[in-house]
Amino acid sequence: MSQLICSNCGSVGTPKTVTKGSTLIEVLLWLFFFIPGVIYSIWRLTTRTKACGSCGAEKLVPLNSPMGKKVQNDFK
Ligand SMILES: [Zn+2]
């Protein structure tokens, strides 16, 4: 996997995975309303994104891409 650089703060490092929604709501939906629980789980999986480990922005670009090199130069 190529390294990612944050175009918001310029940090290179391990991104954190951000999952939208709430695990508590997901469990409750599964317990009481099976079908909405399934839909909610699928929605959470499809909206899961990588975010910057430093500032939390979801503006990560691959470091070895032209965009990544531009961002790296901007933050030098
Ligand atoms: Zn950042």
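Structural data are supplied above this passage.
Because the structure is a prediction, the values reported are computed rather than measured.

Draft legend 1. Broad picture of the coordination of the zinc ion. Within the first shell, the zinc ion binds the protein through C6 (SG), C9 (SG), C52 (SG) and C55 (SG), at distances of 2.3 Å. In this structure, the zinc ion is coordinated by four donor atoms arranged in tetrahedral fashion, with angles at the metal of 108 to 112°. Site description for the zinc ion: donor spacing in sequence, C-x2-C-x42-C-x2-C.

Draft legend 2. Layout of the packing of aromatic side chains. Applying the stated criterion across every chain yields a total of two aromatic pairs. An angle of 80° between the planes, with centres 5.1 Å apart, marks the rings of W30 and F34 as edge-to-face. When the ring of Y40 is compared with that of W43, the centres are 5.6 Å apart and the planes differ by 35°; the resulting orientation is tilted. Of the two residues, Y40 and W43 both sit in helix α2 (residues 34-46), three residues apart, roughly one turn of that helix. Judged by relative accessible area, which is 39%, W43 ranks as partly exposed.

Draft legend 3. Spotlight on a nonpolar patch on the surface. Nonpolar side chains collect at one region of the surface, where L24, V27, L28, L31, F32 and F33 lie side by side and expose about 660 Å² of accessible area between them. Secondary-structure assignment places F33 in the loop between α1 (23-32) and α2.

Draft legend 4. Broad picture of the environment of I25. Here I25 lies in helix α1. Note on I25: relative accessible area 42%, which makes it partly exposed. Here the alpha-carbon distance between I25 and Y40, two residues 15 residues apart in the chain, equals 8.8 Å.

Basis of the calculations
Residues numbered from 1 in each chain as written. Predicted model: local features only at pLDDT ≥ 70, side-chain atom pairs only at ≥ 80, totals over all residues. Heavy atoms only, no water. Donors = N, O, S within 2.8 Å, 3.2 Å for Na, K, Ca; no water. Tetrahedral: all angles 85-135°; square planar, octahedral: opposite > 155°, others 65-115°. Phe/Tyr/Trp six-rings, centres within 6.5 Å; stacked < 30°, edge-to-face > 60°. Helix = DSSP H or I, 4+ residues; strand = E, 2+ residues; numbered from the N terminus. Buried < 20%, exposed > 50% of the residue type's maximum accessible area, 1.4 Å probe, protein only. Patch = residues over 30% accessible without salt bridge, like charges linked within 9 Å, V, L, I, M, F, W, Y side chains within 5 Å. Areas by Shrake-Rupley, 256 points an atom, 1.4 Å probe, with all protein chains shown as cover. Salt bridge = Lys/Arg side-chain N within 4 Å of Asp/Glu carboxyl O.

Function-wise, these values are silent; they only describe arrangement.
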